Every structure is written in C-alpha cells, then in structure tokens.
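Read off the chains here:
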Amino acid sequence: MSASLLLIEDNPGDARLIAALLEDAAAFGLATTLVTVDTLAAGIERLRPGGFELVLLDLGLPESSGLETVQRLRTAVPRLPPLVVLSGLNDEDVAVQALQAGAQDYLVKGRVEPSALARAIRYALGRHQAEQALKNELERSRELATERAARARVEGESESLRRLLDERDQLLRLLAHEVRQPLHNAGAALQSALDAIAGAGTAAPPGVQPPLQHAQQVMAHVIGTLNNALAAALLLTAGGHGVPVDTDLDTLVALVLGDIGPEDRGRVALSIDSGLRTAQLQPTLMRLALCNLLVNALKYSPAPAPVQLRIVDRDDPPALGFEVSDLGSGIDAALLPTVFDRGTRGPDARPGTGAGLGLYIVRQVTDMHRGSIVIEPNLPHGTIVRMWIPQGEG
Ligand SMILES: Nc1ncnc2c1ncn2[C@@H]1O[C@H](COP(=O)(O)OP(=O)(O)OP(=O)(O)O)[C@@H](O)[C@H]1O
Ligand SMILES: [Mg+2]
C-alpha cells in the first residue's frame, strides 16, 4: 500500500521524528510520500487543490491550538482527506475530542512505534474509504427515492388526467346521443307540424305559424352550437374521426343544405363547376365545416341577399375547392389575423347566437385534410372564403 501524506507540524524535531517513523513503517507494508508544512495556513493552501490521501495534523500550531485546529482545517478545506491528529503527552483528552470532530485517529507523539503508525494510517485510509462509499450509497438512494417520488407523482397525475378524459368522453357521448338526437327529433316534429299546417288547405289559426317558426330557428341554432362544441372538444382529442373516404359530393351538399334552417335555405345558390362526382373527404367533418361557412355567410349578410356555395376543382396539384361567398359587410381587417382562433367574434356578432367556434372548426377540419383556406373580400362588399382540399396521391 502506498499513500501520499501531508504533515502539518511546526516543531522541526517532531517533524523529523515522524518522517523517520514513516520510513521505518515501510517495513510494515506502508510506503508513503511525505510533504511537511509548519503552519495551518500553508497546510490549507496545500490541501485545497487535492492530491493528498491523508493528513497528519499537529494540534498545537502557531496560529491555532487544540480542537480549534481541526475545526479550522475542516471549514477551510471542504473535501478534506482522512485526518490523523498528533497530540502531545498532556493533551490526549483533546485528541479524543478531535475524533468526535471528524478525525479518523490520534497518535500521541513520543509513544508511537513504526508498526502502530503504519496500522493507524492504514485503518484511517480504509475507514475513510468505507465512509465515502457509504456516503455515496446514501446519496444514491436519496436520489433514487426522489426520482421514484417524482415518477409516482407524474404517474398519479397522468392517471387522474386519463380519468378526467374518460369522464369527459362519457359526457361528450351523453351530449352527442342523449341530447343532440332528441333535439333533431324535436326539430323534425316542428317541421312536420309546419308542413301539416301549410298542407291543411285552410288558413291556420292566426298566431300559430310565427312561434313555431321561431322555435324551429332557435332549435337549429342550438343544434348548430352543440355540433360545434362537440366537434371542437373531439377535434382536441384528435383521431377516431376516420380517414378521408370516397365521398359522394351531391350527397354531401344535400346534407349541408339540410342543416340550414328552411327559412334561409332558399338564399343559398349552388354552383358546381367540377366534373368530380366523388372526392376524398371526411364527410362528417366536412359537412360541419361547410355548414359553418354557409351559416356565417347567411348570418352576417342581410336577408334576402343570396349567398353562394361553389365547388371547383384543379389539376395541378389535384385539389377540390369549396367557395362560400356573401354580399354582407365583410370581415373587419383587424379581425382577420385571429378570426380562425377559438372564441374570436366580431363586433357584429350578436350575443347568444354563437360562441366563436365556427371558423375555428373550419380551420381544424381544413388542417386535418391537409388543405388550405383563405378569406378575401367579395368586392364591392361581402366575403369569400375559399378552402382547397388536396385530392389524389400525396
Ligand atoms: N361571412 C362573414 N361575413 C362577415 N363576418 C364574418 C363572416 N364570417 C365570420 N365573420 C366574423 O368572424 C367572427 C368569427 O366567426 P365564427 O364563425 O368563428 O364565430 P361566430 O359566427 O361568431 O360564432 P359561432 O360560429 O360559434 O356560432 C364572427 O363573429 C364574425 O364577426
Ligand atoms: Mg359562425
């Protein structure tokens, strides 16, 4: 075994003695290299950069004596190698206290044999190594415990998030099936009542038709908002809405027009400038998007001004275009940068007639089809919204 030692000893005679003892200790299996300094300050300076494996410290130095010497050294050198203190014959008590202050061992000067010195140093080194290993082990297990606690917290959080999403899914399903469907049925019942009145031949009693028509309008509006809210919530969780499928365009247009209240349907002019009968689309979402564009065009332009739904196609690259135009007052330029954001509503939007979800959904649906959308003014006044949905490969 070999070790590099620092001896802090101000008495030259004692220093020489220790050096001689160490040389003799080689015979007991301990080879050492020794550096000697004679003040605590010099010792501190030598120890700070590291490199020594053990310190032999005389407790009575010019700047400090007794236990204080140990304490000052420990404070000044954070990563102190193992310490063996050297005491005189009369201060053995202090040496014992030094053990409590962190020294590994003590030797009483004048009473040490080379073999005892070798053993003391070897034990000090061994104990220090064992302590170090234990400290590392403790630190590692503390780190592991922290890590485990953090993981448990994250797992707990994602578990409660999953539970929340599950609950939300159930609520959405409840709204979709238990609320939307009955609303549709009630709307259809109202329509039948109005049809029956119209077909009765005789004039309906005064005051019957307007409230029924109003109820129908309110119903259409509630259904529209419910559809948008459900779609917005579902689009957030993404997936599960199916990939685009071959969709019959006439059927899609018929469904969209069917979603528009009967009193407004007459204002919609249809223009199909495309030879395509079918297109690759996600029909439910596209129906919702087109319905929103038409409802906006109708809502933000005065009746009986017409609105137009135009379907076009282009070859290079292949894409299908949906264009909805109106003759309203147009969209304020200041609103345009955020008009596709969730919740954006213009100054012309009447409270209780929407939630600023329409164009947000249109944009999401366009994105899901990897399409593009632009809003342009319809000169001299009005709005054109043009949506391109790529078709064919790529
Ligand atoms: N065709 C249009 N003409 C004029 N303004 C429009 C038109 N379309 C949308 N806007 C403006 O953009 C805003 C956002 O439209 P969006 O469809 O997202 O919400 P909304 O119609 O207010 O409410 P919701 O669609 O939820 O019923 C509207 O409040 C309106 O100010
Ligand atoms: Mg809208």
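Basis of the calculations
- Residues numbered from 1 in each chain as written.
- Chains lettered and ligands numbered in written order.
- Predicted model: local features only at pLDDT ≥ 70, side-chain atom pairs only at ≥ 80, totals over all residues.
- Heavy atoms only, no water.
- Near = heavy atom within 4 Å.
- Polar contact = N/O pair within 3.5 Å; in protein donor to acceptor, adjacent residues only side chain to side chain.
- Areas by Shrake-Rupley, 256 points an atom, 1.4 Å probe, with all protein chains shown as cover.
- Helix = DSSP H or I, 4+ residues; strand = E, 2+ residues; numbered from the N terminus.
- Domains from an automatic or database assignment.
- Phe/Tyr/Trp six-rings, centres within 6.5 Å; stacked < 30°, edge-to-face > 60°.
- Lys NZ or Arg CZ within 6 Å of the ring centre and 35° of its normal.
- Buried < 20%, exposed > 50% of the residue type's maximum accessible area, 1.4 Å probe, protein only.
- Contact = heavy atoms within 4.5 Å.
- Salt bridge = Lys/Arg side-chain N within 4 Å of Asp/Glu carboxyl O.

Asks: Just to check I follow, could you spell out the site of ligand 1 for this structure?
Replies: Near ligand 1 lie 22 residues; those nearest to it are N296, R345, D348, A355 and L359. In this structure, D326 approaches ligand 1 through a side-chain N or O atom, which is 2.8 Å from a nitrogen atom. At a separation of 3.5 Å, a nitrogen atom of ligand 1 approaches a polar side-chain atom of T383. Relative to its unbound accessible area of 600 Å², ligand 1 is 96% covered by the protein chains. Those elements that provide at least two residues to the shell around ligand 1 are α9 (283-299) and α10 (358-368).

Asks: Help me understand the domain arrangement of the chain, please; the structure alone is not making it clear to me.
Replies: Interfaces are often described in size by the accessible area the parts lose on coming together. One can read the domain layout of the chain as domain 1 (2-112) and domain 2 (241-390). In this structure, domain 1 and domain 2 have C-alpha centres spaced 88 Å apart.

Asks: Before we go on, may I ask you to explain the packing of aromatic side chains in this structure?
Replies: Each aromatic ring pair is characterised by the separation of its centres together with the angle its planes make. Inspection of every chain in the model, using the stated rule, returns zero aromatic pairs. The cationic tip of R314 hangs over the ring face of W388; the distance from NZ or CZ to the ring centre is 4.3 Å. Directly above the aromatic system of F340 lies the positively charged group of R363, at a separation of 4.9 Å from the ring centroid.

Asks: Whenever I open this one, helix α3 (residues 67-76) confuses me. Can you help?
Replies: Note: α-helices contain 3.6 residues per turn, so residues at a spacing of three or four share the same orientation. Within the span of α3, buried status applies to L67, T69, V70, L73 and A76. Elements that come into contact with the buried residues of α3 comprise β1 (2-8), α2 (40-47), β3 (54-58), β4 (83-87) and α4 (92-100).

Asks: Looking at this structure, I do not really get the pattern of salt bridges. What am I missing?
Replies: Once the charged atoms of two side chains with opposite charge are near each other, the side chains can pair. Scanning the entire structure with this criterion turns up 14 salt bridges. When the shortest N-O distance is used, the salt bridge between R277 and D250 registers 2.5 Å. One end of the pair, R277, is in the loop between β7 (268-273) and β8 (278-281); the other, D250, is in helix α7 (residues 249-259), with 27 residues separating them in the sequence. Take R277: its relative accessible area is 53%, and that puts it in the exposed class. D250 gets classed as partly exposed once you look at its relative accessible area, which sits at 37%. When the shortest N-O distance is used, the salt bridge between R363 and D367 registers 3.8 Å. You can see R363 and its partner D367 sitting in helix α10, four residues apart, about one turn around the helix. Linked through salt bridges whose partners overlap, the residues forming this network are D273, R310, E323, E376 and R386.

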